[in-house]
Amino acid sequence: MSGLLRQPTLVEMKQKAKVLHEDITKHWITRQLIILQKRINCANEKGWRKELEEYLEERELLQKPSEQERLLRQTPKIIEELIEIEQDPPAASSDSSKQGNISGLTQELVMIDID
């Protein structure tokens, strides 16, 4: 089994996706609040009342703990897909006998779909 890596399980992928989603979402909220503050300042300086109101409403919504919790609960959907590995027929060389025959193995491909 030299050189082969163990395929991650679906449960491991779900856990990793959940942790990454939480981390990315928290950073996105922080970044978005900074961007909105800059836009609010710009709209206030230039007298853009319509945009100012939109930015203030969006900032107020993002600052609410209930909205932040809602965004964090939207976890990515994990889709399992099994794919069979196709191997060339074993050659008569000594290299192929050293590596072993892995023609019967299946690989697990996990796709992450973020809604």
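The shown structure was predicted, so the numbers you read here are calculated from the model rather than taken from an experiment. (Residues numbered from 1 in each chain as written. Predicted model: local features only at pLDDT ≥ 70, side-chain atom pairs only at ≥ 80, totals over all residues. Heavy atoms only, no water.)

Q: Talk me through helix H2 (residues 49-63); I want residue IDs and the actual numbers.
A: Its 15 residues give H2 an end-to-end C-alpha distance of 21 Å, which sits within 8% of 21 Å, the value for a rise of 1.5 Å per residue. Residues of H2 that are buried include every one of Leu52, Tyr55 and Leu62, and no others. Down the axis of H2, the buried set is contained in an arc of 100°. They therefore lie on one face. Exposed residues pointing more than 90 degrees away from the buried face of H2 are listed as Arg49, Lys50, Glu57 and Glu60. Looking at the packing, one finds that the buried side of H2 touches helix H1 (10-46) and helix H3 (65-73). (Helix = DSSP H or I, 4+ residues; strand = E, 2+ residues; numbered from the N terminus. Expected span 1.5 Å × (residues − 1). Buried < 20%, exposed > 50% of the residue type's maximum accessible area, 1.4 Å probe, protein only. Arc of directions from axis to C-beta. Contact = heavy atoms within 4.5 Å.)

Q: Can you explain the pattern of salt bridges? Please cite residues and give values.
A: Taken as a whole, this structure holds two salt bridges when the rule is applied. Note that Lys26 is salt-bridged to Glu22, the shortest N-O span being 3.2 Å. You can see Lys26 and its partner Glu22 sitting in helix H1, four residues apart, about one turn around the helix. Note on Lys26: relative accessible area 43%, which makes it partly exposed. (Salt bridge = Lys/Arg side-chain N within 4 Å of Asp/Glu carboxyl O.)

Q: How would you summarise the nonpolar core if you had to cite specific residues and measurements?
A: Ile29, Leu36, Ile40, Ala43, Leu52, Tyr55, Leu62 and Leu71 form the largest nonpolar core, which has eight residues in total. If you list the elements that add at least two residues to this core, you get H1 and H2. With four residues, the top contributor of residues to this core is H1. Residues within four places of Leu52 in sequence aside, it is in contact with Ile40, Ala43 and Asn44. (Core = buried A, V, L, I, M, F, W, Y, C linked by side-chain atoms within 4.5 Å.)

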